[in-house]
Amino acid sequence: AGTPEKQVRMRANQIWQWVYFWGVRDFADMTNLSKDYRALLADSFVIALPEVISRHVSADGTRKYLVRIAGGHEVETVYIPEEDRGTLCVSSQVGCTLTCSFCHTGTQKLVRNLTAAEIVGQIMLARDDLGEWPEPGKGSGETGPRLLSNIVLMGMGEPLYNFEAVRDAMKIAMDGEGIALSRRRITLSTSGVVPEIARTAEEIGCMLAVSFHATTDEVRNKLVPINRRWNIAELLDALRAYPKLSNSERITFEYVILKGVNDIDDDARRLVNLIRGIPAKINLIPFNEWPGAPYERSDWARIEAFADIVHKAGYASPIRTPRGEDIMAACGQLKSATERARKSRAEIAAEAGLS
Ligand code: SAH
Ligand code: SF4
(Lines give C-alpha, C1' and ligand atoms only; values in the text may rest on other atoms or scores of the structure.)
(Ligands and ions follow the chains in the order given, each with its own letter.)
Protein backbone atom coordinates (compact mmCIF):
# COMPACT_ATOMS: atom_id res chain seq x y z
CA ALA A 1 0.00 0.00 0.00
CA GLY A 2 1.09 3.60 0.46
CA THR A 3 1.34 6.28 -2.17
CA PRO A 4 2.44 5.39 -5.68
CA GLU A 5 5.80 7.07 -5.07
CA LYS A 6 6.35 5.00 -1.96
CA GLN A 7 5.51 1.85 -3.86
CA VAL A 8 7.93 2.69 -6.62
CA ARG A 9 10.66 3.34 -4.09
CA MET A 10 9.95 0.10 -2.29
CA ARG A 11 10.06 -1.94 -5.48
CA ALA A 12 13.25 -0.26 -6.60
CA ASN A 13 14.81 -1.14 -3.24
CA GLN A 14 13.67 -4.74 -3.54
CA ILE A 15 15.12 -5.13 -7.02
CA TRP A 16 18.33 -3.38 -5.96
CA GLN A 17 18.76 -5.88 -3.13
CA TRP A 18 18.08 -8.86 -5.35
CA VAL A 19 20.60 -7.72 -7.91
CA TYR A 20 23.43 -6.32 -5.81
CA PHE A 21 23.10 -8.10 -2.48
CA TRP A 22 21.90 -11.56 -3.49
CA GLY A 23 23.30 -11.62 -7.02
CA VAL A 24 19.98 -12.64 -8.59
CA ARG A 25 19.51 -11.65 -12.23
CA ASP A 26 16.39 -13.56 -13.17
CA PHE A 27 13.25 -11.54 -12.37
CA ALA A 28 11.31 -14.77 -11.88
CA ASP A 29 13.40 -15.48 -8.75
CA MET A 30 12.60 -12.14 -7.08
CA THR A 31 10.02 -13.77 -4.88
CA ASN A 32 8.90 -10.77 -2.86
CA LEU A 33 7.53 -9.12 -6.02
CA SER A 34 4.13 -10.10 -7.35
CA LYS A 35 4.03 -12.64 -10.19
CA ASP A 36 2.48 -10.11 -12.57
CA TYR A 37 5.05 -7.51 -11.76
CA ARG A 38 7.89 -10.00 -12.29
CA ALA A 39 6.46 -10.89 -15.69
CA LEU A 40 6.22 -7.23 -16.59
CA LEU A 41 9.85 -6.66 -15.65
CA ALA A 42 10.98 -9.69 -17.62
CA ASP A 43 9.16 -8.36 -20.70
CA SER A 44 10.82 -4.97 -20.49
CA PHE A 45 14.30 -5.46 -19.08
CA VAL A 46 17.32 -7.71 -19.03
CA ILE A 47 19.99 -7.78 -16.35
CA ALA A 48 23.33 -8.71 -17.85
CA LEU A 49 26.99 -8.48 -16.96
CA PRO A 50 29.88 -7.76 -19.27
CA GLU A 51 30.94 -11.00 -20.92
CA VAL A 52 34.03 -12.88 -19.71
CA ILE A 53 35.89 -13.94 -22.85
CA SER A 54 38.79 -15.58 -21.16
CA ARG A 55 39.90 -16.48 -17.70
CA HIS A 56 43.49 -17.28 -16.84
CA VAL A 57 44.60 -18.67 -13.52
CA SER A 58 48.19 -18.06 -12.48
CA ALA A 59 50.40 -20.58 -10.68
CA ASP A 60 49.96 -18.37 -7.58
CA GLY A 61 46.15 -18.44 -7.76
CA THR A 62 45.73 -14.98 -9.30
CA ARG A 63 42.83 -14.93 -11.75
CA LYS A 64 42.78 -12.62 -14.75
CA TYR A 65 39.52 -12.03 -16.58
CA LEU A 66 39.40 -10.57 -20.04
CA VAL A 67 36.04 -8.83 -20.17
CA ARG A 68 34.16 -7.67 -23.25
CA ILE A 69 32.03 -4.55 -22.96
CA ALA A 70 29.64 -2.88 -25.40
CA GLY A 71 31.28 -1.87 -28.65
CA GLY A 72 33.52 -4.95 -28.60
CA HIS A 73 36.12 -3.35 -26.34
CA GLU A 74 38.04 -5.31 -23.78
CA VAL A 75 39.26 -4.59 -20.29
CA GLU A 76 41.00 -6.71 -17.70
CA THR A 77 40.01 -7.48 -14.15
CA VAL A 78 42.34 -9.30 -11.78
CA TYR A 79 41.56 -11.24 -8.59
CA ILE A 80 44.44 -11.66 -6.16
CA PRO A 81 43.94 -14.12 -3.28
CA GLU A 82 46.02 -13.57 -0.16
CA GLU A 83 46.02 -15.23 3.23
CA ASP A 84 43.90 -12.63 4.98
CA ARG A 85 42.02 -11.12 2.06
CA GLY A 86 41.08 -11.35 -1.59
CA THR A 87 41.55 -8.25 -3.67
CA LEU A 88 39.89 -7.42 -6.95
CA CYS A 89 41.76 -5.02 -9.20
CA VAL A 90 39.15 -3.18 -11.28
CA SER A 91 39.53 -1.17 -14.51
CA SER A 92 37.86 2.20 -14.99
CA GLN A 93 38.71 3.02 -18.62
CA VAL A 94 39.60 1.22 -21.83
CA GLY A 95 43.15 2.48 -22.26
CA CYS A 96 44.26 5.72 -20.62
CA THR A 97 44.74 9.32 -21.75
CA LEU A 98 47.87 9.55 -19.67
CA THR A 99 51.23 8.24 -20.74
CA CYS A 100 53.23 7.18 -17.72
CA SER A 101 56.39 5.88 -19.32
CA PHE A 102 56.67 2.70 -17.21
CA CYS A 103 53.03 1.61 -17.70
CA HIS A 104 51.82 -0.76 -20.39
CA THR A 105 48.28 0.66 -20.33
CA GLY A 106 49.81 4.07 -21.00
CA THR A 107 50.92 2.93 -24.46
CA GLN A 108 47.30 2.30 -25.40
CA LYS A 109 44.97 5.09 -26.53
CA LEU A 110 41.96 5.97 -24.48
CA VAL A 111 39.07 4.28 -26.19
CA ARG A 112 36.33 5.19 -23.77
CA ASN A 113 35.31 5.52 -20.17
CA LEU A 114 33.55 2.56 -18.59
CA THR A 115 30.00 3.08 -17.37
CA ALA A 116 29.13 2.60 -13.71
CA ALA A 117 27.43 -0.67 -14.69
CA GLU A 118 30.58 -1.93 -16.39
CA ILE A 119 32.66 -1.07 -13.33
CA VAL A 120 30.31 -2.72 -10.82
CA GLY A 121 29.83 -5.55 -13.34
CA GLN A 122 33.51 -6.50 -12.90
CA ILE A 123 32.88 -7.05 -9.18
CA MET A 124 29.77 -9.07 -9.90
CA LEU A 125 31.36 -11.35 -12.47
CA ALA A 126 34.24 -12.07 -10.10
CA ARG A 127 31.74 -12.98 -7.37
CA ASP A 128 30.01 -15.25 -9.89
CA ASP A 129 33.30 -16.97 -10.69
CA LEU A 130 34.20 -17.30 -7.00
CA GLY A 131 30.71 -18.61 -6.28
CA GLU A 132 30.27 -16.30 -3.35
CA TRP A 133 26.82 -14.80 -3.59
CA PRO A 134 24.72 -15.66 -0.54
CA GLU A 135 22.02 -18.23 -1.13
CA PRO A 136 19.11 -16.16 -2.46
CA GLY A 137 16.75 -15.06 0.25
CA LYS A 138 18.28 -17.34 2.93
CA GLY A 139 19.49 -15.94 6.22
CA SER A 140 21.09 -12.54 6.57
CA GLY A 141 23.43 -13.03 3.66
CA GLU A 142 26.41 -12.91 6.02
CA THR A 143 28.54 -15.89 5.13
CA GLY A 144 31.74 -15.19 7.04
CA PRO A 145 34.97 -13.85 5.58
CA ARG A 146 34.66 -12.86 1.96
CA LEU A 147 36.75 -14.32 -0.82
CA LEU A 148 36.42 -10.95 -2.54
CA SER A 149 36.99 -8.69 0.46
CA ASN A 150 38.83 -5.71 -1.03
CA ILE A 151 38.68 -3.61 -4.16
CA VAL A 152 41.48 -1.60 -5.68
CA LEU A 153 40.88 0.77 -8.58
CA MET A 154 44.29 -0.03 -10.03
CA GLY A 155 43.43 -1.71 -13.30
CA MET A 156 43.38 0.04 -16.64
CA GLY A 157 42.69 3.75 -16.70
CA GLU A 158 42.78 6.81 -14.48
CA PRO A 159 39.73 6.59 -12.19
CA LEU A 160 39.62 10.32 -11.48
CA TYR A 161 39.19 11.01 -15.20
CA ASN A 162 35.97 8.99 -15.01
CA PHE A 163 34.79 10.35 -11.70
CA GLU A 164 30.99 10.01 -11.80
CA ALA A 165 30.93 6.43 -13.07
CA VAL A 166 33.58 5.34 -10.56
CA ARG A 167 31.72 7.08 -7.74
CA ASP A 168 28.36 5.53 -8.64
CA ALA A 169 29.86 2.04 -8.93
CA MET A 170 31.66 2.36 -5.59
CA LYS A 171 28.42 3.55 -3.95
CA ILE A 172 26.89 0.22 -4.92
CA ALA A 173 29.96 -1.66 -3.71
CA MET A 174 29.72 0.12 -0.33
CA ASP A 175 25.93 0.01 0.08
CA GLY A 176 24.81 -2.25 2.94
CA GLU A 177 21.93 -3.46 0.76
CA GLY A 178 24.29 -3.80 -2.18
CA ILE A 179 27.67 -5.51 -2.31
CA ALA A 180 28.24 -4.29 1.25
CA LEU A 181 31.99 -3.78 1.42
CA SER A 182 33.36 -1.26 3.88
CA ARG A 183 34.73 1.95 2.39
CA ARG A 184 37.97 1.10 4.19
CA ARG A 185 38.33 -1.93 1.93
CA ILE A 186 38.17 0.11 -1.24
CA THR A 187 41.28 1.91 -2.50
CA LEU A 188 41.28 4.30 -5.42
CA SER A 189 44.65 4.86 -7.07
CA THR A 190 45.30 8.09 -8.93
CA SER A 191 48.29 9.37 -10.84
CA GLY A 192 47.60 12.78 -9.28
CA VAL A 193 44.49 14.47 -10.68
CA VAL A 194 44.71 17.18 -8.05
CA PRO A 195 41.38 18.99 -8.62
CA GLU A 196 39.40 15.75 -8.08
CA ILE A 197 41.09 14.64 -4.86
CA ALA A 198 38.93 16.63 -2.41
CA ARG A 199 35.84 15.44 -4.26
CA THR A 200 36.98 11.86 -3.88
CA ALA A 201 37.04 12.35 -0.13
CA GLU A 202 33.65 14.04 -0.05
CA GLU A 203 31.69 12.00 -2.58
CA ILE A 204 33.27 8.54 -2.30
CA GLY A 205 35.16 8.51 0.99
CA CYS A 206 37.28 5.47 0.14
CA MET A 207 40.97 4.99 0.82
CA LEU A 208 43.35 6.81 -1.48
CA ALA A 209 46.55 5.64 -3.12
CA VAL A 210 48.73 7.89 -5.20
CA SER A 211 51.19 6.91 -7.89
CA PHE A 212 54.07 8.98 -6.59
CA HIS A 213 57.11 7.27 -8.11
CA ALA A 214 59.60 10.15 -7.96
CA THR A 215 60.92 12.73 -5.53
CA THR A 216 61.87 15.58 -7.86
CA ASP A 217 59.65 17.29 -10.42
CA GLU A 218 62.31 16.67 -13.04
CA VAL A 219 62.07 12.90 -12.70
CA ARG A 220 58.32 12.81 -12.00
CA ASN A 221 57.65 14.85 -15.16
CA LYS A 222 59.17 11.99 -17.12
CA LEU A 223 57.61 9.09 -15.28
CA VAL A 224 54.15 10.52 -14.55
CA PRO A 225 53.62 13.29 -17.13
CA ILE A 226 50.51 14.63 -15.36
CA ASN A 227 53.12 16.14 -13.01
CA ARG A 228 53.62 18.89 -15.60
CA ARG A 229 50.06 19.95 -14.95
CA TRP A 230 50.07 19.50 -11.15
CA ASN A 231 53.50 19.23 -9.65
CA ILE A 232 54.70 17.49 -6.49
CA ALA A 233 54.04 20.49 -4.22
CA GLU A 234 50.45 20.89 -5.46
CA LEU A 235 49.84 17.17 -5.19
CA LEU A 236 51.13 17.05 -1.62
CA ASP A 237 48.85 19.94 -0.61
CA ALA A 238 45.81 18.03 -1.88
CA LEU A 239 47.00 14.85 -0.13
CA ARG A 240 47.55 16.63 3.18
CA ALA A 241 43.88 17.60 3.22
CA TYR A 242 42.58 14.14 2.29
CA PRO A 243 42.61 12.19 5.56
CA LYS A 244 40.55 14.81 7.37
CA LEU A 245 38.10 15.26 4.54
CA SER A 246 37.52 11.55 4.13
CA ASN A 247 38.01 10.57 7.76
CA SER A 248 40.42 7.85 6.63
CA GLU A 249 43.60 6.84 8.36
CA ARG A 250 46.37 6.99 5.86
CA ILE A 251 47.31 7.48 2.28
CA THR A 252 49.20 4.85 0.34
CA PHE A 253 52.13 6.19 -1.65
CA GLU A 254 52.89 3.85 -4.53
CA TYR A 255 56.47 3.89 -5.69
CA VAL A 256 57.61 1.80 -8.65
CA ILE A 257 61.31 1.22 -8.25
CA LEU A 258 63.17 1.59 -11.54
CA LYS A 259 66.81 0.67 -11.89
CA GLY A 260 69.04 3.73 -12.09
CA VAL A 261 66.06 6.11 -12.32
CA ASN A 262 64.54 6.60 -8.87
CA ASP A 263 66.11 3.95 -6.66
CA ILE A 264 69.06 5.47 -4.77
CA ASP A 265 69.29 6.21 -1.05
CA ASP A 266 68.87 9.95 -1.72
CA ASP A 267 65.50 9.26 -3.36
CA ALA A 268 64.37 7.33 -0.28
CA ARG A 269 65.45 10.17 2.02
CA ARG A 270 63.81 12.83 -0.16
CA LEU A 271 60.63 10.77 -0.20
CA VAL A 272 60.29 10.60 3.57
CA ASN A 273 61.09 14.31 3.87
CA LEU A 274 58.46 15.26 1.31
CA ILE A 275 55.63 13.35 2.92
CA ARG A 276 56.48 14.23 6.53
CA GLY A 277 53.28 14.98 8.44
CA ILE A 278 51.01 12.97 6.14
CA PRO A 279 49.76 9.71 7.70
CA ALA A 280 51.10 7.30 5.12
CA LYS A 281 52.11 3.85 4.08
CA ILE A 282 54.65 3.49 1.30
CA ASN A 283 54.02 0.67 -1.10
CA LEU A 284 57.22 -0.20 -2.95
CA ILE A 285 56.51 -1.87 -6.26
CA PRO A 286 59.21 -3.81 -8.09
CA PHE A 287 58.87 -2.84 -11.75
CA ASN A 288 56.88 -5.36 -13.76
CA GLU A 289 58.32 -5.78 -17.20
CA TRP A 290 56.33 -5.80 -20.41
CA PRO A 291 57.44 -6.21 -24.04
CA GLY A 292 59.39 -3.15 -25.13
CA ALA A 293 59.44 -1.50 -21.70
CA PRO A 294 62.17 1.14 -21.41
CA TYR A 295 63.02 0.28 -17.77
CA GLU A 296 64.40 -2.53 -15.66
CA ARG A 297 63.58 -3.80 -12.21
CA SER A 298 66.11 -2.78 -9.55
CA ASP A 299 68.05 -5.53 -7.80
CA TRP A 300 66.46 -6.91 -4.64
CA ALA A 301 69.32 -5.63 -2.49
CA ARG A 302 68.66 -2.11 -3.80
CA ILE A 303 64.91 -2.39 -3.23
CA GLU A 304 65.52 -3.63 0.31
CA ALA A 305 68.00 -0.84 1.07
CA PHE A 306 65.39 1.68 -0.13
CA ALA A 307 62.70 0.03 1.99
CA ASP A 308 64.99 0.10 5.00
CA ILE A 309 65.45 3.88 4.88
CA VAL A 310 61.71 4.42 4.55
CA HIS A 311 61.03 1.96 7.37
CA LYS A 312 63.57 3.57 9.72
CA ALA A 313 61.86 6.92 9.13
CA GLY A 314 58.76 5.40 10.71
CA TYR A 315 56.68 4.36 7.72
CA ALA A 316 55.33 0.96 6.89
CA SER A 317 57.11 0.09 3.64
CA PRO A 318 55.86 -3.23 2.30
CA ILE A 319 57.42 -4.41 -0.94
CA ARG A 320 54.57 -5.51 -3.17
CA THR A 321 55.09 -9.09 -4.26
CA PRO A 322 54.41 -9.28 -7.97
CA ARG A 323 51.38 -11.49 -8.51
CA GLY A 324 50.22 -13.22 -11.64
CA GLU A 325 53.31 -12.27 -13.65
CA ASP A 326 53.13 -15.51 -15.62
CA ILE A 327 49.76 -14.43 -17.05
CA MET A 328 50.71 -10.73 -17.48
CA ALA A 329 48.27 -9.79 -14.74
CA ALA A 330 50.70 -7.81 -12.58
CA CYS A 331 50.42 -4.06 -12.05
CA GLY A 332 51.01 -2.06 -15.17
CA GLN A 333 51.04 -5.08 -17.46
CA LEU A 334 47.40 -4.79 -18.47
CA LYS A 335 46.68 -3.89 -22.05
CA SER A 336 43.99 -5.34 -24.22
CA ALA A 337 45.23 -7.06 -27.32
CA THR A 338 42.22 -6.01 -29.37
CA GLU A 339 43.04 -2.33 -29.11
CA ARG A 340 45.74 -2.10 -31.69
CA ALA A 341 45.79 1.66 -31.84
CA ARG A 342 48.97 2.90 -30.25
CA LYS A 343 49.75 6.42 -29.36
CA SER A 344 52.09 8.17 -31.73
CA ARG A 345 55.15 9.97 -30.43
CA ALA A 346 53.44 13.27 -31.20
CA GLU A 347 50.38 12.34 -29.16
CA ILE A 348 52.48 11.26 -26.25
CA ALA A 349 54.39 14.53 -26.36
CA ALA A 350 51.17 16.56 -26.59
CA GLU A 351 49.60 14.79 -23.61
CA ALA A 352 52.76 15.28 -21.62
CA GLY A 353 52.52 19.01 -22.33
CA LEU A 354 55.71 19.02 -24.34
CA SER A 355 54.30 20.64 -27.44
N1 SAH B 1 45.81 5.22 -13.27
C2 SAH B 1 45.90 4.95 -11.88
C3 SAH B 1 45.53 3.54 -11.51
C4 SAH B 1 46.05 2.43 -12.39
S5 SAH B 1 47.76 2.06 -12.31
C6 SAH B 1 47.27 5.30 -11.36
O7 SAH B 1 48.15 5.53 -12.16
O8 SAH B 1 47.43 5.36 -10.15
C9 SAH B 1 47.92 1.11 -10.82
C10 SAH B 1 49.36 1.13 -10.24
O11 SAH B 1 50.25 0.31 -11.01
C12 SAH B 1 49.95 2.52 -10.23
O13 SAH B 1 50.62 2.81 -9.02
C14 SAH B 1 50.93 2.44 -11.35
O15 SAH B 1 51.89 3.42 -11.21
C16 SAH B 1 51.45 1.02 -11.21
N17 SAH B 1 52.15 0.54 -12.39
C18 SAH B 1 51.95 0.89 -13.67
N19 SAH B 1 52.83 0.24 -14.49
C20 SAH B 1 53.60 -0.53 -13.70
C21 SAH B 1 54.65 -1.47 -13.96
N22 SAH B 1 55.06 -1.72 -15.19
N23 SAH B 1 55.20 -2.10 -12.91
C24 SAH B 1 54.76 -1.88 -11.67
N25 SAH B 1 53.75 -1.04 -11.36
C26 SAH B 1 53.17 -0.35 -12.36
FE1 SF4 C 1 47.27 5.68 -16.91
FE2 SF4 C 1 47.83 4.95 -14.34
FE3 SF4 C 1 49.09 3.78 -16.43
FE4 SF4 C 1 49.63 6.32 -15.79
S5 SF4 C 1 50.01 4.50 -14.50
S6 SF4 C 1 49.29 5.53 -17.87
S7 SF4 C 1 47.63 7.06 -15.15
S8 SF4 C 1 46.90 3.67 -15.99
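Residues numbered from 1 in each chain as written. Chains lettered and ligands numbered in written order. Predicted model: local features only at pLDDT ≥ 70, side-chain atom pairs only at ≥ 80, totals over all residues. Heavy atoms only, no water.

Caption draft 1: Examining the overall build of the chain more closely. Each helix and strand counted, the chain has 10 helices and 11 strands in total. Whereas a compact globule of 355 residues would reach a radius of gyration of roughly 20 Å, the chain reaches 21 Å, a difference of no more than 12%. Dimensions of the chain, computed from the C-alpha atoms along their principal axes, are close to 70 × 45 × 40 Å. Counting all 355 residues of the chain, 52% fall into the buried class. Relative to all contacts within the chain whose residues are 6 or more apart in sequence, the contacts with residues 24 or more apart total 66%. Carbon and sulfur atoms make up 51% of the accessible area of the chain, which totals about 16,200 Å². In the chain, 44 side chains carry a positive charge and 46 a negative one; their mean positions are 2 Å apart. (Helix = DSSP H or I, 4+ residues; strand = E, 2+ residues; numbered from the N terminus. Rg over C-alpha atoms; globule rule 2.2 N^0.38 Å. Buried < 20%, exposed > 50% of the residue type's maximum accessible area, 1.4 Å probe, protein only. Contact = heavy atoms within 4.5 Å. Areas by Shrake-Rupley, 256 points an atom, 1.4 Å probe, with all protein chains shown as cover. Lys, Arg positive; Asp, Glu negative; His and termini not counted. Charge placed at Lys NZ, Arg CZ, Asp CG, Glu CD.)

Caption draft 2: Expanded view of the site of ligand 1. Around ligand 1 lies a shell of 22 residues, among which Gly157, Ser189, Ser211, His213 and Glu254 are the nearest. In the environment of ligand 1, an oxygen atom lies 2.6 Å from a nitrogen or oxygen atom belonging to the side chain of His213. Glu254 has a polar side-chain atom sitting 2.9 Å from an oxygen atom of ligand 1. In isolation ligand 1 offers 540 Å² of accessible surface; the protein chains occlude 96% of this area. (Near = heavy atom within 4 Å. Polar contact = N/O pair within 3.5 Å; in protein donor to acceptor, adjacent residues only side chain to side chain.)

Caption draft 3: Layout of the sheet that holds strand β3 (residues 73-81). The 9 strands lie next to each other as β1-β2-β3-β4-β7-β8-β9-β10-β11, forming an open sheet whose pairing is mixed. Only two strands of the sheet have a single neighbouring strand rather than two, namely β1 (51-57) and β11 (280-286). Strand-to-strand, the axes of this sheet are offset by a mean angle of 20°, without reference to chain direction. Across 3 bridges, the pairing between strand β7 (residues 150-153) and strand β8 (residues 186-190) is parallel. The residue of β8 that forms the bridge with Leu153 is Leu188. Lying on the sheet, helix α3 (residues 116-130) is in contact with β1, β2 (63-69), β3, β4 (86-89) and β7; it crosses β2 at an angle near 135°. Lying over the sheet, helix α9 (residues 300-312) contacts β10 (251-257) and β11, oriented at roughly 175° with respect to β11. (Pairing = 2+ DSSP bridges. Axes fitted to C-alpha atoms, helices over the stretch in contact; angles between N-to-C directions.)

Caption draft 4: Structural detail: the site of ligand 2. Around ligand 2 sit Cys96, Leu98, Cys100, Cys103, Gly106, Gly157 and Ser191, and that is every residue in its neighbourhood. Grouping the constituent residues of the shell around ligand 2 by class yields 4 nonpolar, 3 polar and no charged. (Nonpolar A, V, L, I, M, F, W, Y, C, P; charged D, E, K, R; others polar.)

Caption draft 5: A look at the nonpolar core. Membership of the largest hydrophobic core comes to 95 residues, with the highest contact counts inside it found for Phe102, Ile123, Leu148, Ile151, Met170, Leu239 and Phe253. In terms of residue count, the dominant contributor to this core is helix α4 (residues 163-174) (8 residues). Ignoring anything within four residues of it in the chain, the contact list for Met170 reads Ile119, Ile123, Ile151, Leu153, Ile186 and Ile204. (Core = buried A, V, L, I, M, F, W, Y, C linked by side-chain atoms within 4.5 Å.)

Caption draft 6: Main features of the pattern of salt bridges. Enumeration according to the criterion identifies 21 salt bridges in this entry. Asp128 is the salt-bridge partner of Arg25, the closest N and O atoms lying 2.8 Å from each other. Residue Arg25 is found in the loop between α1 (4-21) and α2 (35-44), and its partner Asp128 is found in helix α3; the two are separated by 103 residues along the sequence. The salt bridge involving Arg199 is made with Glu203; its shortest N-O contact spans 3.2 Å. Here Arg199 pairs with Glu203, and both are found in helix α5 (residues 197-203), just 4 residues apart, close to one helical turn. Given the relative accessible area of 22%, Arg199 is considered partly exposed. Each of the salt bridges in this network shares a partner with another, and the network as a whole consists of Glu164, Arg167, Asp168, Glu196, Arg199 and Glu203. (Salt bridge = Lys/Arg side-chain N within 4 Å of Asp/Glu carboxyl O.)

Caption draft 7: Spatial organisation of the packing of helix α8 (residues 265-274) against α9. Packing of α8 against α9 brings their axes to within 9 Å, and their N-to-C directions diverge by 30°. In terms of their interaxial angle, α8 and α9 are classed as roughly parallel. As α8 packs across α9, the resulting crossing turns out to be right-handed. Contacts between α8 and α9 pair Asp265, Asp267, Ala268, Arg269, Leu271 and Val272 from the former with Arg302, Ala305, Phe306, Ile309 and Val310 from the latter. For the contact of α8 with α9, the residue count by class is 7 nonpolar, no polar and 4 charged. (Parallel < 35°, antiparallel > 145°, perpendicular 65-115°, else oblique. Left-handed = near helix turned anticlockwise from the far one by under 90°.)

Caption draft 8: Focus on the environment of Ser246. Note that Ser246 resides in helix α7 (residues 232-246). Along the backbone, Ser246 and Asp26 are 220 residues apart, and their C-alpha atoms lie at a distance of 37 Å. Ser246 has contacts with Arg183, Ala201 and Gly205, leaving out every residue within four places of it along the chain.

Caption draft 9: Representation of unusual backbone geometry. Positive phi values are uncommon outside glycine, yet Ala180 reaches one of about 60°. With respect to the helices and strands, the residue Ala180 is situated in the loop between α4 and β8. Classification of Ala180 by relative accessible area gives partly exposed; the value is 25%. The phi angle at His213 is positive, at roughly 65°, despite the residue not being glycine.

Caption draft 10: Fine view of the packing of aromatic side chains. For the structure on display, the rule yields 5 aromatic pairs. Measuring from centroid to centroid gives 4.9 Å for Trp16 and Tyr20, while their planes differ by 70°, and the two rings are edge-to-face. Within this pair, Trp16 and its partner Tyr20 are both found in helix α1, separated by 4 residues, close to a single helical turn. Looking at Tyr20, the relative accessible area reads 17%, which means it is buried. (Phe/Tyr/Trp six-rings, centres within 6.5 Å; stacked < 30°, edge-to-face > 60°.)

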